Each structure stands twice: as C-alpha cells, then as structure tokens.
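Listed here are the chains, written in short residue letters.
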Amino acid sequence: MSEAAMGEGTRAVRAGLPEPVKNEPTLPGPVFAAHFHLPGDVSGPYAYGRDENPTWTHLERAIGELESPGEDVETLVFASGVAAIGAVLFSQLRAGDAVVLPSDGYQVLPLVRAQLEAYGIEVRTAPTAGDAQLDVLDGAKLLLIESPCNPGLDVCDIRRLAEAAHARGALVAVDNTLATPLGQRPLALGADFSVASGTKQLTGHGDVLLGYVAGRDTEAMAAVRRWRKIIGAISGPMEAWLAHRSLATLQLRVDRQNATALLLAEALRERPEVTALRYPGLSDDPAHKIAAQQMRRYGSVLSFTLPTRARAERFLESLRLVDDATSFGGVRSTAERRRRWGGDDVPDGFVRLSVGAEDPEDLVADVLRALDESDR
C-alpha cells in the first residue's frame, strides 16, 4: 500500500519508523550524542548535535508524512512553536521588507512584531475573519496566516489568500497548531510553509515543548535550516522521541476530542449566560462555511464569554475535570480566562476551553454543573 493511500490512523501509527531490523526496537530510543565519530573528510548526515540528530530525523519524516502524504516535503523540528515561527520570519525577511501578520493571533506576535520592526522590517496586521489580510498584501514579502486563530477561532480562506499572496510575489506561512495535520493540510492549500507548536494537540500529553516547520521549497527551507543552526533553537532528543511516540495515538485523540468538543459546544449553545460561543464545527458558527471547505476536523478548542470576570473565575474554580491551565490540545481538558494575560483583545469573561479525552458525558456534565454553581 502506498503512503498516500493509507488511512490517517495507519499513517499516524507508522509515520517516520525506520525499516525493521531483527532484534531492534520498532522506534529506536533517543540519541543523546553531542558529537559523532567523524574521521577524515566531513561527510554523512550526523556530525554535531546542533545540526542533526537521528531522533529528529525519524520525527521529521513522520511529521512530513502527516503534513503532505506521499509528497516530498522537508520538515525541521524546533525547541518550541515560537522558535519555528521565528525561524520562518527571521530567515526569510530582511531590512526593508514588509510582512503581514494576523492582528488576532497568538499573543506572542506583538513581541515578534516589535523585534521585526527593530530590524527595519515593516509589519502590517489585519484580522483573520473575512480574509482581511488581502487588503494589506501589496508589496509584502511574507504572509503569516493563523487559521483557526487563537483564541478567537476565526477562519480565513487559506487557498484564496495563498493565491493572492503568490500573485504579488509573497511567500505564505500557515500556523497549523489548532488544526494539526489531521485537521488541515496548509501545503495542499497552497502555503509555502506549515508551522506549528507540537506542544499542543500534535503530541497531546502536556509533557513536551516542540515546534516544526514543513515546506517543499528547497531554497526557502535551507534558509530555515540555517537559521536553526545559527540560533540553536533545537529540540532535545528526549522531547523529539516523546513527540514521535505520541503521534501513534494522534488520530484516536483527535477524533475523540473533536467529537466531544462539538457535543460540548452544542450544550453550551443552550445556556443563556454563555455568549459569543465559537467553535468552527458548529453549523451556525461564522467560520463554519469556510472551515468546512478546507478542514477535515475542527479542533479541540472552543471559546465563549461569561457575563463578568468574577463569573468566569467562579466557573473555572468549580470545574472538577478541567484544569485551569494555559495550554490546549492535551488529553486532560484545560480552560482559562484569557484576559488574565492582558495580551488578547477579549472581554474579561472570555474563556478558552480545550477538550481532552475524558468521557464526553462526564465532561459535558462537569461543565454544565460548574456553570450552575458559578451563578451565585
């Protein structure tokens, strides 16, 4: 069976594994070497631990197989998602260039903007919804898309934006963290780079910091690789091995979490105290029409607003099966009042909730009970 013809679960279980060798493990353990034997001329794939590592190689192949099955894609892993995004931006842009960022993306982007501007790069921003980034594309060198965006969960037409950017001579990078490769394949939609935080649903256990960049263009990816070498933002071998181990259950986790997220969103839709409920999988969500055209799964994250900061905090305190934590995509459900960080333009009562792998009826019951108890 060809790789492209495999089912997604089969691909996730087998992605990146080496050819079987008698008496050897199916997934080799992490290689902790800082340097490798290298007599004579410099040749071969492994020389120094900042450049390459066999454990990275297996993981990078695995992620590439998920991002673009059956196609020749280069993937590079990084120490975190922010390291991966930074590698794309800072490897492709020079003083005098212009870049377009989402104005409603991950809250570290304002810090990235300040650094880009300090290097003499013009930064333009526009929101995700309505493909608003189209209006500021002219003359840009690079477009960064985040769809669905975090935490607002708006969606844009990636294919439309990619075609428009390429027509203007711009490269396109898509942050695919919320969707994962099983939810959305940015490269197939026309993006030059698919970037993501593997810390979230890709690895799913809340025990790994990881990021990656995947792309087809040899020259562009060579620049990303060079940036990784210069800045040294590399994944540890143990983290890379844990990430690869976790990919085997990706489809199982994603399917369970997506199905439960939809059930929870439908239950929350009936609560009068819940407003501005967002989940792209809801048929009446503002993003659903576009999301349905380009996403195969809608993610594990939903958001909504409670009337006040105090009500949101009481709700979070009342939850028993949902941890008050800032990450998302893990097997244990998490939620937080996003405004506490101060970086997102959201109301005080805005809650981002990430659905885990708990039994759906238990999780929905816990959330509804917490809403009842918080009304005091």
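Data block above holds the structure.
Along each chain, numbering runs from 1 in the same order as the chain's sequence is written. Local features in this predicted model are restricted to residues whose pLDDT is 70 or higher, and side-chain atom pairs enter the listing and the counts only when it is 80 or higher, whereas totals over whole chains, interfaces and linings include all residues. Values shown for side chains rest on all heavy atoms present in the structure; no hydrogens or waters enter the calculation.

Enquirer: Pulling in residues and values, what's your account of the sheet that holds strand β2 (residues 98-102)?
Expert: Pairing between two strands is assigned when DSSP locates at least 2 bridges connecting them. Only DSSP runs of H or I with at least four residues qualify as helices, and only runs of E with at least two residues qualify as strands; both kinds are numbered from the N terminus onward. Read from one edge to the other, the open sheet built from seven strands follows the order β1-β7-β6-β5-β4-β2-β3, with strand pairing classed as mixed. In the strand order of this sheet, the two ends are held by β1 (74-78) and β3 (122-126), each with one partner. Taking the axes of each pair of neighbouring strands and ignoring which way they run, one obtains an average angle of 20 degrees across the sheet. Axis geometry follows a simple rule: fit a line to the C-alpha atoms, using only the stretch in contact for helices, then measure angles between N-to-C directions, giving values from 0 to 180 degrees.

Enquirer: Explain the packing of helix α3 (residues 81-92) against helix α6 (residues 218-231) to me, and be specific about the residues and the numbers.
Expert: Each pair of packed helices can be described by the angle between their axes along with the distance between the axes. For the pair α3 and α6, interaxial distance at closest approach is 9 Å and the crossing angle is 110 degrees. As summarised for this structure, α3 and α6 are arranged roughly perpendicular, according to the angle between their axes. Relative to α6, α3 is oriented so that their crossing is right-handed. Within the contact between the two elements, α3 uses Gly-86, Ala-87, Val-88, Phe-90, Ser-91 and Gln-92 and α6 uses Ala-220, Ala-223, Val-224 and Trp-227. Side-chain classes are defined by residue name, with Ala, Val, Leu, Ile, Met, Phe, Trp, Tyr, Cys and Pro counting as nonpolar, Asp, Glu, Lys and Arg as charged, and the others, Gly among them, as polar. Residue composition of the contact of α3 with α6, by class: seven nonpolar, three polar and no charged. Each angle gets one of four labels, with under 35 degrees taken as roughly parallel, over 145 as roughly antiparallel, 65 to 115 as roughly perpendicular, and the rest as oblique. Crossing handedness is read from the near helix: turned anticlockwise from the far helix by less than a right angle, it gives a left-handed crossing, and turned clockwise, a right-handed one. Whether two residues touch is decided by their heavy atoms; if any such pair falls within 4.5 Å, the residues are in contact.

Enquirer: Before we move on, could you go through helix α4 (residues 109-118) and cite the residues and values that matter?
Expert: When accessible area is computed with a 1.4 Å probe and restricted to protein chains, residues below 20% of their type maximum are described as buried, those above 50% as exposed, and intermediate ones as partly exposed. Considered for burial, the residues of α4 that qualify are Leu-109, Val-112 and Leu-116. Projection of α4 onto a plane perpendicular to its axis shows the buried side chains occupying an angular sector of 55 degrees, all on one side. Residues of α4 that are exposed and point more than 90 degrees away from the buried face comprise Leu-111 and Ala-118. Along its buried surface, α4 packs onto α3, β2, β3 and β4 (142-146). Directions drawn from the helix axis to the C-beta atoms are what define this arc.

Enquirer: How would you summarise the sheet that holds strand β9 (residues 301-305) if you had to cite specific residues and measurements?
Expert: Taken together, the five strands give an open sheet; going across it, the order is β8-β9-β12-β11-β10, and neighbouring strands pair in mixed fashion. On the outer flanks of this sheet lie β8 (275-278) and β10 (323-324), each paired with one strand and no other. Seen against the sheet, helix α10 (residues 309-318) touches β9, β10, β11 (334-337) and β12 (350-354) and runs at an angle of roughly 160 degrees to β11.

Enquirer: Tell me about the packing of aromatic side chains, residues and numbers included.
Expert: Note on ring pairs: Phe, Tyr and Trp rings are taken, using the six-membered ring of Trp, and paired if centres are within 6.5 Å. Classes follow the plane angle, with under 30 degrees stacked, over 60 edge-to-face and the rest tilted. Throughout the structure, instances matching the rule amount to four aromatic pairs. Both rings, one in Phe-36 and one in Tyr-46, keep their centres 5.8 Å apart while their planes meet at 35 degrees; by these two values the pair is tilted. Of the two residues, Phe-36 is situated in the loop between α1 (8-14) and α2 (54-67) and Tyr-46 in the loop between α1 and α2; the sequence distance between them amounts to ten residues. Using a relative accessible area of 24% as the deciding quantity, one classes Tyr-46 as partly exposed.

Enquirer: Describe in detail the environment of Lys-141, supporting the description with residues and values.
Expert: Relative to the elements of secondary structure, Lys-141 occurs in the loop between β3 and β4. The sequence separation of Lys-141 and Leu-171 amounts to 30 residues, and the corresponding C-alpha distance is 6.3 Å. Here a polar contact is recorded for every N or O atom pair within 3.5 Å, except that within protein the pair must consist of a potential hydrogen donor and a potential acceptor, and residues adjacent in sequence are included only if both atoms are side-chain atoms. Separated by 2.9 Å, the side chain of Lys-141 and the backbone oxygen of Gln-92 make a polar contact.

Enquirer: Any chance you could break down the packing of α10 against helix α11 (residues 360-374) for me, citing the residues and the numbers?
Expert: Across the interface, α10 lies against α11 with an axial gap of 8 Å and an inter-helix angle of 130 degrees. Taken together, the axis directions place α10 and α11 in an arrangement best described as oblique. Crossing of α10 over α11 shows right-handed handedness. Across the interface between the two elements, Arg-311, Arg-314, Phe-315 and Ser-318 of α10 pack against Val-367, Arg-369, Ala-370, Leu-371, Glu-373 and Ser-374 of α11.

Enquirer: I'd love a proper account of the environment of Ala-87, names of residues and values included.
Expert: Inspection of the secondary structure assignment puts Ala-87 in helix α3. Accessibility expressed as a relative area gives 0% for Ala-87, which makes it buried. Between the C-alpha atoms of Ala-87 and Tyr-212, which are 125 residues apart in sequence, the distance is 9.6 Å.

Enquirer: Residues and numbers for the pattern of salt bridges, please.
Expert: For this analysis, a salt bridge means a side-chain nitrogen from Lys or Arg found within 4 Å of a carboxyl oxygen belonging to Asp or Glu. Enumeration according to the criterion identifies 34 salt bridges in this entry. One salt bridge connects Arg-297 with Glu-8, and the closest N-O pair in it is separated by 2.7 Å. Of the two residues, Arg-297 is situated in the loop between α9 (288-294) and β9 and Glu-8 in helix α1; the sequence distance between them amounts to 289 residues. Judged on exposure class, the residue Arg-297 and its partner Glu-8 are both buried. Of the charged contacts, one joins Asp-131 and Arg-160 as a salt bridge, the two residues approaching to 2.9 Å between their closest N and O atoms.

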